[in-house]
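Reading the structure
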Amino acid sequence: MAVLTYRDALTQALREELSRDDRVFLMGEEVAQYNGAYKVSKGLLDEFGPMRIVDTPITELGFAGIGVGSAMVGLRPIIEFMTWNFALLALDQVVNAAAKMLYMSGGQFPMPMVFRGPNGSALQLSAQHSQAWESWLAHIPGLKVITPGTPADAKGLLKSAIRDDNPVVFLEGEMLYNTKGEVPEGEYTIPIGKAEVKREGGDCSIITHGKMVLVAMQVADTLAKEGISVDVVDLRTVRPIDIEAIAQSVQKTNRAVVLEEGWEICGMGAQVVDFIQRECFDDLDAPVIRVHQADAPMPYAKNLERAAKADAPKAIAAVKKVMYLG
Amino acid sequence: MAVLTYRDALTQALREELSRDDRVFLMGEEVAQYNGAYKVSKGLLDEFGPMRIVDTPITELGFAGIGVGSAMVGLRPIIEFMTWNFALLALDQVVNAAAKMLYMSGGQFPMPMVFRGPNGSALQLSAQHSQAWESWLAHIPGLKVITPGTPADAKGLLKSAIRDDNPVVFLEGEMLYNTKGEVPEGEYTIPIGKAEVKREGGDCSIITHGKMVLVAMQVADTLAKEGISVDVVDLRTVRPIDIEAIAQSVQKTNRAVVLEEGWEICGMGAQVVDFIQRECFDDLDAPVIRVHQADAPMPYAKNLERAAKADAPKAIAAVKKVMYLG
Amino acid sequence: MTEVLGRGETRKPKRGMSNKKNGEAPDASDELALRKDLLRSMLLQRRFEERCAEAYALGKIGGFCHLYIGQEAISAGTCSVLRPDDYIVTSYRDHGQALARGMTPRSVMAELFGRVDGCSKGKGGSMHLFDKSVGFLGGHGIVGGHIPLAAGVAWAIKYRKGDQVCVCFFGEAAVNIGAFHEALNMAALWGLPAVFVIENNRYGMGTAISRATANEDVAARAAAYRMGGESVDAQDVFAVRDAMGRAVELARKESKPTLIEMRTFRFMGHSMSDAASGTYRSKEELEDSMKRDPILLLHDLMRSEGQLSDGEFAKLDEEQKAICQDAWDFADASPEPPLEHLMTDILVDTTS
Amino acid sequence: MTEVLGRGETRKPKRGMSNKKNGEAPDASDELALRKDLLRSMLLQRRFEERCAEAYALGKIGGFCHLYIGQEAISAGTCSVLRPDDYIVTSYRDHGQALARGMTPRSVMAELFGRVDGCSKGKGGSMHLFDKSVGFLGGHGIVGGHIPLAAGVAWAIKYRKGDQVCVCFFGEAAVNIGAFHEALNMAALWGLPAVFVIENNRYGMGTAISRATANEDVAARAAAYRMGGESVDAQDVFAVRDAMGRAVELARKESKPTLIEMRTFRFMGHSMSDAASGTYRSKEELEDSMKRDPILLLHDLMRSEGQLSDGEFAKLDEEQKAICQDAWDFADASPEPPLEHLMTDILVDTTS
Ligand SMILES: Cc1ncc(C[n+]2csc(CCOP(=O)(O)OP(=O)(O)O)c2C)c(N)n1
Ligand SMILES: Cc1ncc(C[n+]2csc(CCOP(=O)(O)OP(=O)(O)O)c2C)c(N)n1
Ligand SMILES: [Mg+2]
Ligand SMILES: [Mg+2]
């Protein structure tokens, strides 16, 4: 297996799918001449030309809608949001148009499209540029929502997303783009909706997704040294959620910590807790504990930002607490 | 006490607060000359004139932002969305501007404003006009989110919302406007963030809010006839949530059903379940069961719409299930 | 860029020139057939929606229902210059356009009744009519939200190097919303084969255009995007045909978009719960506007030129009424959707 | 409505007419003082941001940091015609305007360093500078998102029957987004005392205006809202003063908004991670634009008219550098915010 960055894995997926199907095109701000604000589309303009790799004005609502319209007549747009913070302006098109078109039309108009871009916080970008939207998007029937945490998942799931005939929300991590990992050689895809146990363990489950997968792995490493073995379940897709995988892990460990990047109230973690108490009520030896961002807008100051974010120390404390070691 | 409709209770609250403080104004589509799409602002233009009761073009994003700007310099806008479905277009102003201004400015700019309008589904308005957004809005730090279910709560809480120096989201129910209830005479307010036990019971708790409060009361009536006594906890405010009131009820009944209007995944109910399992882990005799809208866009056809909505029969079945009577 | 006509003037149309063969003069029989067909189309829309009002009163139609009565010349004139493979994207006020485009009255009425034989299986209702077979891409409920969709359809046409055209209808109040602005800029910037049709019936719900729009000359907005703009007396079906004919050709041949203001009237209330007059517009204003009923105008013209006897008109009218009765009966007989349909059409399980 | 100048022409400004007393001719000493003050303001901004670049390289400033270097005549000229009780709302490219408006270099630098003595207590950072005491209302990060805010501030002025003015700055790429369109329509419709200033530095990040905007004559968009529009050579601080002086008066006296295109250049990259030239713009283009450095132009003018010796200029420059060094030292010495601050300023606990 080759070792690639998360960014290069995404670029490979885009290149392969653009080559495979000429109905696929990439549209967004700075995706073409600038090679992408985060260089995910590097080289694609030269390779595929200006009708396939399309720079737009700063009009998230407008070009998201253009993607929807083009999908109604059979194209397969990939709409890039420079970051999901700006996608707030486009949610009407994602939620009221893309997610409902098939239903409102009685099955006549599927939406074979992808909305993608970096989600969540990076470093010191402060309140308006540091938001994680997976819980909002997972709330919406008619969408699929993917949150890959590793280069291999990023590539395999993006390819599946592009081939899927439904509107797929694909949430990347700005802080993940430079992370490296092994990626299978050649053609492969990863099924949407299937979680992966990234680490086997018996003492406690950590259910997580996206950017927090790396954190969970650090936690598992650290705790292993203390003789605590953690089962790390990476949901990978948050809509639909792989309830079975969650249940299997918790039935094994009888303890769970749910780790996510975003805010607490009505976050993904709350939904995972709901599934756990429903499916594993009699298996639980302790209440499920959640780890998430502080319930505040993201501050700019380095020290405050660090304090606000979900991280390994907080997750380690949570694991010890559910194990009554705290 | 006088018996008023939910609509008239809201109109009273608006009139009283407009009279009390001339920094308060109401702005939105059709609020003035048309007396409001749902007549909540009936008569207010004549009474307060066109600078206090302001009709806007169809530009949700724009006039929400105008409200934010005017609040920055000390006015107290009440921004009416004709329905919250359209507010999707304005969420950037609600979330990125109103909710974060105080924090981003280091405490310099409070946002004394209210965003209000009907939320959720009515009758056969189909997919784009039948959405309940409380779980999305409750996710956001920097906001308060209120969901009154009765005329008395609607009046007392709207008055509190208008007087609050923070941005308050106030979610009404189109189907509630014509419902009647006793409303205290004269001046009163209801504290934001306090739940109310609308019915005392010992066998099972129903935790709910907004439009579903009436449904929960029907459920309690019906089950009472079968000798089942239900404790109905009306959250009234979903951000902040009155965790104590939830815990007290569940510690008493040891069983809970969470009833909400909206979709399941990452819905308010999931958050309530999280609080319950955290606060009442050892009190629960059965997993908490949730009742909510079907995980689908809202269909137009009468029979499908009925099947999609959370209602009394579904809630009754849930109560019996948590009581192992089902 | 084509000229922008000021508020007063409107271009005099060549009366009913069928532009099927450019330049070449049409013969008289074509001409008569065209006029009859335009009259038929407008009558069908009118009679159909009269029945809708009736069905709504009986509770057979629910939810929001926005009638097109008074505006039929826009849909009839527009559809008369479109090709079968062209596309239409429109708002919630979509019954008339759906019928003019050739959707069957049966499938539309069944949709309004919320029945399984409706064009959208009863799941969409009045605001969400769709028919892939005639390129009718909805029926959308968020003001302005469908304008970017139309630009996207036009983008797809250009992407495929096709020569179809996408026509987008919306009300005059929609010109103030961001989606309109963003979509028109991109359509002009990229040269997309679209025609953006403002149906200016002078009111957005209860708000007169002058209370919502700083510059009432909405066609002049085209200049902000270096796009052609034009204003048309849309009670005259031939004026509509003429302007749309040119705009559609410009889109088809040169892939250039146009913004057209159709000056029209809504003879009914905004929706079924809104009175036609008395609150925000006077009875006089409404009655004045009704003197310019597009059906009346065409009927008078044909009568004055001896092209249509009263008997012929009555016959044509009866035919449309019969079609609407048939649609009603069909819809009434159609079953409610089976409950399983609640959970279908949310996602497809196919991949490419 | 004031005329819209075409792409080529720009109005010849009366060289540095101080318009504090309308009509009445200013005396020479006023005139010289004004010129010196404009030069000082621009120099302060320039030197300050040069230190920002240095601090960013050292990791003392983090996140996104957008420099204003090259555009200083816009902030200096604008602020020279504003009253202390007027308001400014701007984008993330806000350092220069904050200083020109009179925010202390110390509070700004401390904010950039993320320290507790920053104007926003270190919680906002570069993109979110706020100072209530001088009517500086941010510092906003969503393109176009602050334009409705400015209209709202102007609405509040009108609501209170005040005679202040709200000036809103944004880049040329922001004219394509919906919020711009919605806000300008309402500002014109309601006659709000605002001036909307397009800082046209020709690029939105890496996208040249011609690739994003169908009609590059962005001032002409004013016509879509029946609003006055004008284009200004914004490297000439007097041209800025002149145009802003008239627009501010129109807003103050007649409560009418204006849209002004300030033609300028960004001498640096879009943000610290973006190269000034080489990718989307050529070295030549950048160097050409630098010949029109607003500081250079004013300096040359004053020298040529014998108003400023090289010694005087050097002294003025040294003073600004000293102020910036002081700001740096202050920021460096200021402590990080205490951790409790993470959970403060989320909500206030007051009511009216
Ligand atoms: C974004 C949005 N805001 C508000 C509404 C409610 N609404 C539906 S139609 C309408 C008036 C639209 O008027 P116009 O665009 O002139 O079209 P017309 O109804 O006259 O055909 C309004 C305010 C909506 N559907 N979408
Ligand atoms: C809605 C939104 N989309 C995208 C971005 C990312 N972004 C920040 S600045 C910028 C370019 C803006 O260019 P312009 O308006 O010309 O202002 P300038 O930076 O040149 O001063 C972009 C795309 C954003 N902040 N907000
Ligand atoms: Mg209208
Ligand atoms: Mg720019």
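Refer to the structure presented above.
The text that follows walks through the structure, step by step, so that each part is easy to find.

Structural notes on the site of ligand 2
In the neighbourhood of ligand 2, 22 residues make up the surrounding shell, with Glu60(A), Tyr92(D), Arg93(D), Gly141(D) and Tyr203(D) lying closest. Around ligand 2, the neighbouring residues derive from chains A and D rather than from a single chain. The separation between an oxygen atom of ligand 2 and a polar main-chain atom of Ala174(D) is 3.4 Å. At 3.0 Å, a side-chain N or O of Asn201(D) approaches an oxygen atom of ligand 2.

A word on the coordination of the magnesium ion (ligand 3)
Protein coordination at the magnesium ion (ligand 3) comes from Glu172(C) (OE), Asn201(C) (OD1) and Tyr203(C) (O), with a distance range of 2.0 to 2.2 Å. Assessed through its relative accessible area of 7%, Asn201(C) is described here as buried.

Overview of the interface of chain D and chain B
Of the residues lining the interface, 41 residues belong to chain D; the matching set on chain B comes to 49 residues. Summed over both partners, the interface of chain D with chain B buries about 3,700 Å², with 68% contributed by carbon and sulfur atoms. Three residues, Trp155(D), Tyr159(D) and Ser352(D), lead the burial of chain D against chain B; their summed loss comes to 20% of the area buried on that side. Put simply, chain D and chain B have zero salt bridges between them.

With respect to the relation of the copies chain B and chain A
The operation relating chain B to chain A is a screw motion whose rotation component is 180°, with 0.0 Å of axial translation and a residual RMSD of 0.0 Å. Given the turn and translation reported, the copies of this chain are related as if by a two-fold rotation axis. By residue overlap, the copies meet face to face through one surface: 100% of the interface positions of chain B are interface positions in chain A.

Examining the nonpolar core
Within the largest apolar cluster, 217 residues are counted, with the highest numbers of intra-cluster contacts made by Ile276(A) and Ile276(B). Not counting residues up to four positions away in its chain, the partners in contact with Ile276(A) are Ile207(A), Ile246(A), Val250(A), Ala256(A), Val258(A), Phe281(A), Leu284(A) and Val288(A).

Observations concerning the interface of chain B and chain A
Much of the literature gives interface size as the accessible area that the parts lose upon coming together. Contact residues are listed per partner, giving 50 residues for chain B and 50 residues for chain A. For the chain B and chain A pair, buried surface summed over both sides reaches about 4,600 Å², with 65% attributable to carbon and sulfur atoms. The interface formed by chain B and chain A includes six salt bridges. With a closest N to O distance of 2.9 Å, Asp274(A) and Arg290(B) form a salt bridge.

Brief notes about the pairing of strand β2 (residues 24–28) of chain B
Residue and element names in this part refer to chain B. The element β2 is extensively covered by neighbouring structure, given that five of its five residues are classed as buried. Where burial is concerned, the two faces of β2 agree: the one with Val24, Leu26 and Gly28 and the one with Phe25 and Met27 are both buried. Pairing between β2 and strand β4 (residues 76–80): five bridges, direction parallel. Counterpart to Met27 in the pairing with β4 is Ile79. Of the strand pairs in this sheet, β2 and strand β3 (residues 53–55) are connected by three bridges, and their pairing is parallel. Note on β3: the bridge partner recorded for Met27 is Val54.

Calculation criteria
- Residues numbered from 1 in each chain as written.
- Chains lettered and ligands numbered in written order.
- Predicted model: local features only at pLDDT ≥ 70, side-chain atom pairs only at ≥ 80, totals over all residues.
- Heavy atoms only, no water.
- Near = heavy atom within 4 Å.
- Polar contact = N/O pair within 3.5 Å; in protein donor to acceptor, adjacent residues only side chain to side chain.
- Donors = N, O, S within 2.8 Å, 3.2 Å for Na, K, Ca; no water.
- Buried < 20%, exposed > 50% of the residue type's maximum accessible area, 1.4 Å probe, protein only.
- Contact = heavy atoms within 4.5 Å.
- Buried area = accessible area lost by both parts, 1.4 Å probe.
- Salt bridge = Lys/Arg side-chain N within 4 Å of Asp/Glu carboxyl O.
- Least-squares fit on C-alpha atoms with pLDDT ≥ 70 in both.
- Core = buried A, V, L, I, M, F, W, Y, C linked by side-chain atoms within 4.5 Å.
- Helix = DSSP H or I, 4+ residues; strand = E, 2+ residues; numbered from the N terminus.
- Pairing = 2+ DSSP bridges.

Bear in mind that shape data such as this cannot, by itself, settle questions of function.
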